[in-house]
Amino acid sequence: MHSLGADFCIVDNEQLSEKSMPRKPNKVLELIGPKTLKDSLNCVGKPGYVCNTGILGNVFTVKDFDPIKYNPNGVFLTGFFSNFPTQKAVDGMFALIEKSGIKPLYSKVFGLDEISTAHTLLEKGGVGGKIIFNICC
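Residues numbered from 1 in each chain as written. Predicted model: local features only at pLDDT ≥ 70, side-chain atom pairs only at ≥ 80, totals over all residues. Heavy atoms only, no water.

1. Let's talk about the overall build of the protein chain
Then comes step 1: Along the backbone of the protein chain there are four helices and five strands.
Then comes step 2: Written out in order from the N terminus, the α and β elements of the protein chain read β-α-β-α-β-α-β-α-β.
Then comes step 3: A compact globule built from 137 residues should have a C-alpha radius of gyration of about 14 Å, whereas the protein chain, at 18 Å, is more than 25% larger.
Then comes step 4: If one aligns the C-alpha atoms of the protein chain with their principal axes, the spans along those axes are about 50 × 35 × 35 Å. (Helix = DSSP H or I, 4+ residues; strand = E, 2+ residues; numbered from the N terminus. Rg over C-alpha atoms; globule rule 2.2 N^0.38 Å.)

See below:
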């Protein structure tokens with residue numbers, strides 16, 4: 001994963017704050033959401049940033065959330081919601097990707113006529129990245 005820009009990788013078992021790591025990360029992208037948010041806040045070093053952008057854990061709220069007690073000192077919680085991005089926001093993301101030389105990891109590009117093949121590949125597992133559909137002419 002060094003080739004993708006990661007300093008190190010660990011498997012998230014929903015108890016990251018208890019894992020042994022070479023060092024604490026300073027940024028965490030929280031994709032599971034409320035189910036693992038507290039653990040993400042507690043695993044990051046200080047100053048640290050946790051960006052909550054997913055709700056994949058089938059838990060949709062943090063029970064009895066008190067931001068002063070829930071969020072450790074020196075850790076900043078932010079969020080990203082992309083259901084209705086503006087064209088300006090999308091253009092900005094692509095400009096950053098190009099400027100930074102980021103190489104997105106994806107498995108394969110399919111045409112819309114290959115949707116059943118793509119779905120079968122996804123069901124079998126081991127895709128190794130996102131599946132992209134080319135919806136252009």
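2. Description of the packing of aromatic side chains
Then comes step 1: A complete count under the given rule lists three aromatic pairs for this structure.
Then comes step 2: Lying over the aromatic face of tyrosine 70, lysine 38 brings its terminal NZ or CZ to 4.4 Å of the ring centre. (Phe/Tyr/Trp six-rings, centres within 6.5 Å; stacked < 30°, edge-to-face > 60°. Lys NZ or Arg CZ within 6 Å of the ring centre and 35° of its normal.)

3. Some points on a nonpolar patch on the surface
Then comes step 1: Together, Leu112, Ile115, Phe133 and Ile135 make up a nonpolar patch on the protein surface, roughly 400 Å² of accessible area in all.
Then comes step 2: Relative to the elements of secondary structure, isoleucine 135 occurs in the segment after strand S5 (130-134).
Then comes step 3: On the accessibility criterion, isoleucine 135 (66% relative accessible area) is exposed. (Patch = residues over 30% accessible without salt bridge, like charges linked within 9 Å, V, L, I, M, F, W, Y side chains within 5 Å. Areas by Shrake-Rupley, 256 points an atom, 1.4 Å probe, with all protein chains shown as cover. Salt bridge = Lys/Arg side-chain N within 4 Å of Asp/Glu carboxyl O. Buried < 20%, exposed > 50% of the residue type's maximum accessible area, 1.4 Å probe, protein only.)

4. Things to note about the sheet that holds strand S3 (residues 75-79)
Then comes step 1: Read from one edge to the other, the open sheet built from three strands follows the order S1-S2-S3, with strand pairing classed as parallel. At either end of the open sheet lies a strand with only one pairing partner, and these are strand S1 (27-30) and S3. In this sheet, neighbouring strand axes are inclined to one another by 20 degrees on average, regardless of whether the strands run parallel or antiparallel.
Then comes step 2: Pairing analysis gives four bridges linking S1 to strand S2 (residues 48-52), with the strands arranged parallel. The residue of S2 that forms the bridge with glutamate 30 is asparagine 52. (Pairing = 2+ DSSP bridges. Axes fitted to C-alpha atoms, helices over the stretch in contact; angles between N-to-C directions.)

5. Some details on the side chain of glutamate 30
Then comes step 1: By the secondary structure assignment, glutamate 30 is in strand S1.
Then comes step 2: The buried charged residue glutamate 30 lacks any salt bridge partner; its closest oppositely charged side chain belongs to lysine 35, at an N-O distance of 10 Å.
Then comes step 3: Among the polar contacts made by the side chain of glutamate 30, one reaches the side chain of threonine 36 at a distance of 2.7 Å. (Lys, Arg positive; Asp, Glu negative; His and termini not counted. Polar contact = N/O pair within 3.5 Å; in protein donor to acceptor, adjacent residues only side chain to side chain.)

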